[in-house]
Amino acid sequence: MVNFKNSADGTVEQALVSKGVTDKNVLYALRIVPREKFVEEPLKELSYTGAPLPIGHNQTISGIYTVALMTQSLCLNKSHKILEIGTGSGYQAAILSTLCTSVFTIERIRDLSLKARDILGKLNIHNVTFIIGDGTIGFKEYAPYDRIIVTACSPDVPEALFAQLSEGGIMVIPLEMSGSQNIFVIEKKNGKMYSNNIAPANFVRLIGKNGFKS
Ligand code: SAH
């Protein structure tokens, strides 16, 4: 498990690099976004451990390695428009905001969305649009998206999300199959879906019309 004191501690980066996170831009984003600001007071010391941590409403902020791996797998560039499902604490959205021009993030729990909006505002991040609602149906108004990241575990790839992914686009999504979770990288080529299992995962459930029912 990755374990460091704070983002300025060089061991953060070393540990991530040794686990295969080598994208310079991703490492830079992880260095400049203060992860401890997204974690509740009594848990701040654990901000940089590898484990997911509670953020209220029975939800969790993903461990730093998982955030790093998923972000790297998106192969982002500055011009990308990205949709995130599962705002949670807002940490992943903050990381994405430093790597691309516009980020849309959907959260079903109003309270979490408002709290995340507040934290990002205080960090002076202004290229993230917060949407409250069911992310399993996506957000047609701004589709298509060059990249989609789902940060809750789904029973399969929601069709509506695949439909809103650009041609040549990439979606990163944890899927639960026969009781175990894995992170998949999905690519859309000539309208077809190509998927690749990259790592085991430990996410809360994606609940909604095209996700789990509870
Ligand atoms: N990306 C977050 C971690 C997400 S935890 C972070 O950086 O902190 C997963 C989040 O997905 C939870 O907040 C949960 O409420 C949300 N979620 C679950 N189902 C959802 C749905 N259908 N639409 C939008 N958000 C959903």
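The rules we used
- Residues numbered from 1 in each chain as written.
- Predicted model: local features only at pLDDT ≥ 70, side-chain atom pairs only at ≥ 80, totals over all residues.
- Heavy atoms only, no water.
- Helix = DSSP H or I, 4+ residues; strand = E, 2+ residues; numbered from the N terminus.
- Contact = heavy atoms within 4.5 Å.
- Buried < 20%, exposed > 50% of the residue type's maximum accessible area, 1.4 Å probe, protein only.
- Polar contact = N/O pair within 3.5 Å; in protein donor to acceptor, adjacent residues only side chain to side chain.
- Core = buried A, V, L, I, M, F, W, Y, C linked by side-chain atoms within 4.5 Å.

Caption draft 1: Spatial organisation of the environment of Cys75. The topology assignment puts Cys75 in the loop between helix H3 (64–73) and strand E5 (81–85). With 82 residues separating them in the primary sequence, Cys75 and Val157 have C-alpha atoms 19 Å apart. Here Cys75 is in contact with His80, Arg147 and Ile170, once residues within four sequence places are set aside.

Caption draft 2: Spotlight on the side chain of Ser47. Considering the arrangement of structural elements, one finds Ser47 in the loop between helix H2 (24–32) and strand E2 (48–49). The exposure class of Ser47 is buried, given its relative accessible area of 1%. Within the structure, the side chain of Ser47 is placed 2.5 Å from the backbone oxygen of Lys44, a separation counted as a polar contact. Leave out the neighbours within four places in its chain, and Ser47 touches Arg35, Glu36, Val39 and Leu53.

Caption draft 3: Representation of the nonpolar core in the model. With 49 residues, the main nonpolar core has Leu16, Leu30, Phe38, Ile82, Tyr91, Ile95 and Leu120 as its most contacted residues. The contacts of Phe38, once residues within four sequence positions are left out, are Val33, Ile55, Ile61, Ser89, Gly90, Tyr91, Ala94, Ile119, Leu120 and Leu123. By size, the runner-up hydrophobic cluster in this structure holds 20 residues, among which are Phe139, Leu161, Leu175 and Ile186.

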